[in-house]
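# Observations on the three-dimensional arrangement
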Amino acid sequence: KWQAQFYFDGQSRYIGVFDGSHQAALAYECVHRLLAGYRELSRLKKPFAEKVLSKEETRKLFDNARLASVRAVTNPSLPASFE
């Protein structure tokens, strides 16, 4: 079994446990790409950044990315090009 974690908003966050290293790496990459826009926006200094997310909004943002990546990695009906 392989576990994937992602460092986001100052914390190490759990993505999931997978049967193989390839699945864990793919889940990590999915989360990374889904959150790339937010991470880039958060690097900007005010007044360019429109607003800072609350802790609850940040948690929801990460949880949605995590769930999407786990579904993508564990769904056997995905096209071979995605795998």
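See the structure shown above.
Residues numbered from 1 in each chain as written. Predicted model: local features only at pLDDT ≥ 70, side-chain atom pairs only at ≥ 80, totals over all residues. Heavy atoms only, no water.

Summarising the element assignment, threonine 58 is placed in helix 2 (residues 55-74). In this structure threonine 58 touches Phe8, Asp9, Arg13, Tyr38 and Leu53, once residues within four positions along its chain are discounted. (Helix = DSSP H or I, 4+ residues; strand = E, 2+ residues; numbered from the N terminus. Contact = heavy atoms within 4.5 Å.)

Below, the discussion takes up the packing of aromatic side chains. Within this structure, the stated rule accounts for 3 aromatic pairs. Between phenylalanine 6 and phenylalanine 8 the ring centres are 6.5 Å apart and the planes differ by 35°, which places this aromatic pair in the tilted class. The class for phenylalanine 8 is buried, based on a relative accessible area of 2%. An aromatic cluster of three or more residues is present, and its members are Phe6, Phe8, Tyr28 and Phe62. If you follow arginine 13 out to its NZ or CZ, it ends over the ring of phenylalanine 62, 5.8 Å from the centre. (Phe/Tyr/Trp six-rings, centres within 6.5 Å; stacked < 30°, edge-to-face > 60°. Buried < 20%, exposed > 50% of the residue type's maximum accessible area, 1.4 Å probe, protein only. Lys NZ or Arg CZ within 6 Å of the ring centre and 35° of its normal.)

Just geometry here; none of it tells us what the structure is for.
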